[in-house]
Amino acid sequence: MPQRKKPHVVVTRRLPGAIETRMRELFDTRLNIDDAPMSREALTEAVGQADVLVPTLTDTIDAALIEKAGPALRLIANFGTGVDHIDVEAALARGITVTNTPGVLTEDTADMTMALILAVARRIAEGARVIPDDVEWAGWSPTWMLGHRITGKRLGIVGMGRIGTAVARRAKAFGLSIHYHNRRRVAPSLEEELDSTYWDSLDQMLARMDIVSVNCPHTPATYHLLSARHLKLMKPEAIIVNTARGEIIDEGAMVRQIEQGALAGAGLDVFEHEPAVNPRLVKLARAGKVVLLPHMGSATVEGRIDMGEKVIVNIRTFHDGHRPPDRVLP
Ligand code: DGY
């Protein structure tokens, strides 16, 4: 029987070692050994030659790049769930399938969301600096380093998909009351399990929450979903946490609100112009008002291996002539 040619797969970043090894065994794989985002030139060359491109969120796969795709490119198998860096419509118009890696980073991202809620409410980042930074510590004090209790507070989740639901489950166990805003109301059984309240109106929900967690994908419809007007509706003692995408919040407006004391603080794992971070946010972090993480939501060894395995399954299924399990539609 004739052996089917291995697909030529170009991977734009270093992946966990076990995944790279497996990809080398299964495919004619070209890795970017620099582990830095590929230049536009290198990406253009890659899409011109590859059968399959494996990008990550640090690559911009826009319509202009897709236009340069060679006739062989049939699959963009993204290493990651968010696909806001890929022009999916332009890809589909060229007959290129796009896949992603949903599900396997849900729990890790939800953990990080809870970590940020706790870090901001309980001043964990500030406290963790005291001993290693040799700040003078005179011992326990009844009035020092007081944060806020989260038990009994209201959490408003913007986007009740997989990650929003995983956040809600954790938050319920912490004694928070669960509220959510979503395009569609979730199944009554899930609402009941979470003891959650659905808010059709984002405005009304925001005005009543103590903590707001952003967990929806970034799409043209959710760009600045939390606009300056929305942020002004929030209570001055409220905090906001974002582990989704920076673009969903009007970051400049949020900074102004925190600087003016109209919002108590924020916990951010993602930024509007990543990897650049607004210097005013950095100043607020030094002042203990915000906690900033460098996009670590899915950064676990297990999660990154699971993501790689999903990429491999998507490529193999597609190459075998079947519909890959994680096909993305616009
Ligand atoms: C994703 O997969 O989109 C995540 O943001 C990576 O952490």
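Residues numbered from 1 in each chain as written. Predicted model: local features only at pLDDT ≥ 70, side-chain atom pairs only at ≥ 80, totals over all residues.

- The name an unreviewed UniProt entry gives the protein chain is Glyoxylate reductase, with Saliniramus fredricksonii as the organism.
- As stated in UniProt under Sequence similarities (unreviewed entry), the record for the protein chain gives "Belongs to the D-isomer specific 2-hydroxyacid dehydrogenase family." (UniProt positions renumbered as here; feature names shortened; annotations may be inferred.)

### Overview of the nonpolar core
Turning to step 1, where the next piece is worked out: If you look at the biggest cluster of nonpolar residues, it comprises 53 residues, and the most contacted ones within it are Val120, Ala238, Ile239 and Ala266.
Turning to step 2, where the next piece is worked out: Residues within four places of alanine 266 in sequence aside, it is in contact with Val120, Ile239, Ile240, Val241, Met254, Ile258 and Val290.
Turning to step 3, where the next piece is worked out: In this structure, Val9, Leu15, Ala50 and Phe318 belong to the second largest nonpolar core, which totals 35 residues. (Core = buried A, V, L, I, M, F, W, Y, C linked by C-beta atoms within 7 Å. Buried ≥ 20, exposed ≤ 12 C-beta atoms within 10 Å, placed from the backbone. Contact = placed C-beta atoms within 7 Å.)

### Quick notes on the sheet that holds strand β1 (residues 8-11)
Hydrogen bonds along the backbone pair up the strands of a sheet, which may run parallel or antiparallel.
Turning to step 1, where the next piece is worked out: One open sheet holds the 5 strands; their spatial order is β2-β1-β3-β4-β5, and the pairing between them is parallel. Strands with a single pairing partner mark the edges of an open sheet, and in this sheet they are β2 (28-31) and β5 (97-99). Ignoring which end each strand starts from, the neighbouring axes of this sheet average 15° apart.
Turning to step 2, where the next piece is worked out: Where β1 meets β2, 4 bridges bridge the pair, whose relative direction is parallel. Across the sheet, valine 11 pairs through a bridge with leucine 31, a residue of β2.
Turning to step 3, where the next piece is worked out: The sheet strands contacting helix α13 (residues 301-319) are β1, β3 (52-54), β4 (75-77) and β5, and the helix crosses β4 at an angle near 165°. (Pairing = 2+ DSSP bridges. Helix = DSSP H or I, 4+ residues; strand = E, 2+ residues; numbered from the N terminus. Axes fitted to C-alpha atoms, helices over the stretch in contact; angles between N-to-C directions.)

### A word on the site of the ligand
Turning to step 1, where the next piece is worked out: Neighbouring the ligand are Leu57, Gly80, Thr81, Gly82, Leu105, Gly297 and Ser298.
Turning to step 2, where the next piece is worked out: Broken down by class, the residue content of the shell around the ligand amounts to 2 nonpolar, 5 polar and no charged. (Near = placed C-beta within 6 Å. Nonpolar A, V, L, I, M, F, W, Y, C, P; charged D, E, K, R; others polar.)

### Details of the UniProt feature "domain: D-isomer specific 2-hydroxyacid dehydrogenase catalytic" (unreviewed entry) in the protein chain
Turning to step 1, where the next piece is worked out: The UniProt record annotates "domain: D-isomer specific 2-hydroxyacid dehydrogenase catalytic" (unreviewed entry) at residues 20-328.
Turning to step 2, where the next piece is worked out: Measuring from the first to the last C-alpha atom of residues 20-328 gives 23 Å, for a span that is 39% helix and 13% strand.

### Some points on the packing of helix α11 (residues 251-259) against helix α12 (residues 279-286)
Turning to step 1, where the next piece is worked out: For the pair α11 and α12, interaxial distance at closest approach is 10 Å and the crossing angle is 35°. In terms of crossing hand, the pair formed by α11 and α12 is left-handed. Along its contact with α11, which presents Val255, Ile258 and Glu259, the element α12 presents Arg280, Leu281 and Leu284.
Turning to step 2, where the next piece is worked out: Of the residues belonging to the contact of α11 with α12, the class tally is 4 nonpolar, no polar and 2 charged. (Left-handed = near helix turned anticlockwise from the far one by under 90°.)

### Quick look at the domain arrangement of the protein chain
Turning to step 1, where the next piece is worked out: When the domains of the protein chain are assigned, the result is domain 1 (8-104 + 301-319) and domain 2 (106-292).
Turning to step 2, where the next piece is worked out: Counting residues at the interface gives 5 residues for domain 1 and 7 residues for domain 2. (Domains from an automatic or database assignment.)

### Examining helix α7 (residues 162-173)
Turning to step 1, where the next piece is worked out: With 12 residues, α7 extends 17 Å from end C-alpha to end C-alpha; this agrees with the ideal 16 Å at 1.5 Å per step.
Turning to step 2, where the next piece is worked out: Where α7 is concerned, the buried positions are Ile163, Gly164, Thr165, Val167, Ala168 and Ala171.
Turning to step 3, where the next piece is worked out: Residues of α7 that are buried in the fold lie against α5 (106-121), β6 (154-158), β7 (177-181), α8 (188-194) and β9 (211-214).
Turning to step 4, where the next piece is worked out: Once α7 ends, the next one or two residues include glycine 175, with phi positive near 85°. (Expected span 1.5 Å × (residues − 1).)

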